[in-house]
Amino acid sequence: YICLILDNATINSLSSQTASPISFKEHTGIRTIYVKENTTNYLCDSIGDTEESGDGAVIKAKKSSLVIMGSGKLVINTLGEDTNGIQAKNELYIFDTQIEIDATNNGIKSGTSLIIKNANILIESNNDGIKTDIEITSTNNSYQSDPFAGYIYIYNTDINITASDDGISACSYLKIDNSTHEINIITNGGTPYAITESSSNNANGKAIKVDGLVLEVNNTETDLASKTNYNYLLVILSGVFNLNSNDDAIHSKGNTYITGGSFNITSGNDGIHSEYTTNISNGTINITKSYEAIEGATVEILDGTINVVAYDDGINAANSSLRNYAYYIYISGGTITVNAQGDGIDSNGTIQITGGTTIVYGPSKNGNCGLDSEKGIFIDGGNVVVFS
């Protein structure tokens, strides 16, 4: 066991060095950095710190798991080309610490899993802000032994990210239980002034993303995480979210479950997108700019206050990559207001409304309507008002 205590430390790599200011060598044990309370600590690498793999880092645990804890402040600046701020080969834990990172590559990167609790994190990065990134092969299939390999868990942490690509990106599973703490994310310059179908197709940089695990055998890729479409890959229980994204603001390769929180979203593509199910059970969601506001192969809205504005469809049940799928939109509660230029509520299957209040303004484009379904619209309760 090794514990490094930072007490108003300043550590800079020499210009001739290619090594990280703090590097834990190849050992499978747990390494700990304790940031002493009431201290500010500065770490910086050199311009010469570069690795072709893109795995250079100011703090680097080459093979071990890493714990960063203590209520002091840690300021990290990367100068090397494609250098990460903090990187661990295995698990990475951040408890209580205030961390500021300016990274030429990723801000915080874990090879297996990442847990952040009671911290305060500020990141500016030329790639992703916070991410897990594991490689799954037939000989190294971490997913078989741990179905949540590649997960991120965030608890009661204030996070501010400005990233050239994704803000928070998990391989397999992401859970956020953040009380009233804020997560503020801007990706790839933020939402464009004018949103069109072309601009949404070319969008890049998602704010919050679970992208799935891929198993590659003999040059054939198998998508692992999205196959678990009976489970939720992205779970948000609480928190305050201000998301300004060039691409999707919230994106899941599988299912998304939102049961609380306050969301202020502008997106150059979808506000909330799931490849399978988007389930909103509660919360306050304001999507003031998007190509399509809420999308999933199935969309379930049980409660909450939802206000969305969309260039195309407001709420959409679709996925062009699925065949013979039972698409549907189900609304049983909540207060929903949709302002869409395309269809207000559009399902490639059915629309069923049994409760709540649903108000649709628009559409303003020819050939669209307030409620559009390929297999039937069933209203058995609630209040539904369409202005077109």
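For the structure itself, look to the data block above.
For clarity, every value in this text was computed on a predicted model and none was experimentally measured.

Rules used in this analysis
Residues numbered from 1 in each chain as written. Predicted model: local features only at pLDDT ≥ 70, side-chain atom pairs only at ≥ 80, totals over all residues. Heavy atoms only, no water. Helix = DSSP H or I, 4+ residues; strand = E, 2+ residues; numbered from the N terminus. Contact = heavy atoms within 4.5 Å. Core = buried A, V, L, I, M, F, W, Y, C linked by side-chain atoms within 4.5 Å. Buried < 20%, exposed > 50% of the residue type's maximum accessible area, 1.4 Å probe, protein only. Salt bridge = Lys/Arg side-chain N within 4 Å of Asp/Glu carboxyl O. Pairing = 2+ DSSP bridges. Polar contact = N/O pair within 3.5 Å; in protein donor to acceptor, adjacent residues only side chain to side chain. Phe/Tyr/Trp six-rings, centres within 6.5 Å; stacked < 30°, edge-to-face > 60°. Lys NZ or Arg CZ within 6 Å of the ring centre and 35° of its normal. Patch = residues over 30% accessible without salt bridge, like charges linked within 9 Å, V, L, I, M, F, W, Y side chains within 5 Å. Areas by Shrake-Rupley, 256 points an atom, 1.4 Å probe, with all protein chains shown as cover.

> Whenever I open this one, the overall build of the chain confuses me. Can you help?
Scanning the chain for helices and strands turns up two helices and 42 strands. Across the chain, every contact between residues at least 6 apart in sequence was considered, and the portion connecting residues at least 24 apart equals 55%.

> Help me out: how do you make sense of the nonpolar core in this one?
Generally speaking, soluble globular proteins have nonpolar side chains that are buried together. Core analysis: the biggest nonpolar cluster contains 79 residues, and Ile59, Leu66, Ile86, Ile108, Ile130 and Ile294 have the highest contact counts within it. Here Ile108 is in contact with Ile86, Leu92, Ile94, Ile101, Leu114, Ile121, Ile123, Gly129, Ile130 and Lys131, once residues within four sequence places are set aside. In terms of nonpolar packing, the next biggest core, distinct from the first, is built from five residues, Ile115, Tyr151, Tyr153 and Val235 among them.

> I would appreciate a short explanation of the environment of Gly296 in the present structure.
With respect to the helices, strands and loops of the structure, Gly296 is situated in strand S31 (residues 292–296). The sequence separation of Gly296 and Thr256 amounts to 40 residues, and the corresponding C-alpha distance is 8.9 Å. In contact with Gly296, other than residues within four places in its own chain, are Ser274, Tyr276, Thr278, Asn316, Ala317 and Ala318.

> Can you walk me through the pattern of salt bridges in this structure?
Here the idea is simple: oppositely charged side chains can pair when their charged atoms come close. Applying the stated rule across the entire model yields eight salt bridges. In this structure, Asp7 engages Lys36 in a salt bridge whose closest nitrogen and oxygen atoms are separated by 3.4 Å. Placement of Asp7 in the loop between strand S1 (2–6) and strand S2 (10–12) and of Lys36 in the loop between strand S4 (30–35) and strand S5 (40–44) is noted, with a sequence separation of 29 residues between them. Asp7 sits in the partly exposed class, given a relative accessible area of 41%. For Lys36, a relative accessible area of 36% corresponds to the partly exposed category. Lys209 is paired through a salt bridge with Asp166; the nearest N and O atoms lie 2.6 Å apart. Of this pair, Lys209 sits in strand S21 (residues 208–210) while Asp166 sits in the loop between strand S18 (158–163) and strand S19 (168–170); the two residues are 43 residues apart in sequence, bridging distant segments of the chain.

> Please clarify how the pairing of strand S13 (residues 114–117) should be interpreted in this entry.
Sheet faces and side chains relate simply in a regular strand, where the side chains alternate between the two faces. Both strand S10 (residues 92–95) and S13 contribute to a ladder of four bridges, which runs parallel. When the bridges of S13 are listed, Tyr93 appears paired with Ile115. Relative to strand S17 (residues 151–155), S13 is paired through four bridges, and the arrangement is parallel. In the strand pairing of S17, Ile116 is matched with Ile154.

> Can you walk me through the environment of Tyr232 in this structure?
Within the secondary structure, Tyr232 is located in the loop between strand S23 (220–223) and strand S24 (234–245). On the accessibility criterion, Tyr232 (29% relative accessible area) is partly exposed. On a C-alpha basis, the gap between Tyr232 and Thr256 in space is 5.6 Å, while along the polypeptide they are 24 residues apart. Once residues lying within four places of it in the same chain are set aside, the contact partners of Tyr232 are Tyr173, Asn255, Thr256, Tyr257, Asn279 and Glu300.

> Looking at this model, I keep getting lost on unusual backbone geometry. Mind explaining?
Trans peptide bonds make up the majority, and among non-glycine residues the majority have a negative phi. Notably, Asn156 is not glycine yet its phi reads approximately 45 degrees, a positive angle. Mapping Asn156 onto the fold places it in the loop between S17 and S18. Positive phi, close to 50 degrees, is recorded for Ser179, a residue that is not glycine. With relative accessibility at 39%, the residue Ser179 sits in the partly exposed group.

> Would you explain the side chain of Asn41 in this entry?
One can find Asn41 in strand S5. Of note is the side chain of Asn41, whose polar atom sits 3.4 Å from the backbone nitrogen of Asp7. With residues near it in sequence (within four places) discarded, Asn41 still touches Leu6, Asp7, Asn8, Ala9, Val35, Lys73, Leu74 and Val75.

> How do you make sense of the pairing of S31 when you look at a structure like this?
Within S31, five of the five residues are buried, leaving the element largely enclosed by the surrounding structure. Taken together, the three bridges between strand S28 (residues 270–274) and S31 define a ladder with parallel strand orientation. Residue pairing across strands places Asp270 opposite Glu292, the latter belonging to S31. With three bridges connecting them, S31 and strand S34 (residues 315–317) associate as parallel partners. Within the sheet, the bridge partner assigned to Ile294 lies in S34 and is Ile315.

> I'm lost on the packing of aromatic side chains in this one. Help?
For any two aromatic rings, the description comes down to two numbers: the centre-to-centre distance and the angle of the planes. A complete count under the given rule lists seven aromatic pairs for this structure. Here Phe241 and Phe263 contribute two aromatic rings whose centre-to-centre distance is 4.6 Å and whose plane-to-plane angle is 5 degrees, an arrangement assigned as stacked. Linking Phe241 in strand S24 with Phe263 in strand S27 (residues 262–267), this pair joins segments that are 22 residues apart in sequence. Using a relative accessible area of 0% as the deciding quantity, one classes Phe241 as buried. On the basis of relative accessibility, which here comes to 0%, the residue Phe263 falls in the buried class. In this structure, Lys117 is placed above the aromatic ring of Tyr155, and the distance from its NZ or CZ to the ring centre is 6.0 Å.

> Would you take a moment to explain the side chain of Asn178 for this structure?
Within the fold, Asn178 resides in strand S20 (residues 173–187). Ignoring sequence-local partners within four residues, the contact set of Asn178 consists of Ile154, Tyr155, Asn156, Thr157, Ile183, Ser238 and Gly239.

> Can you help me understand a nonpolar patch on the surface in this one?
Nonpolar side chains collect at one region of the surface, where Tyr361, Val385 and Phe387 lie side by side and expose about 260 Å² of accessible area between them. Position of Phe387 among the secondary structure elements: in strand S42 (residues 383–387).

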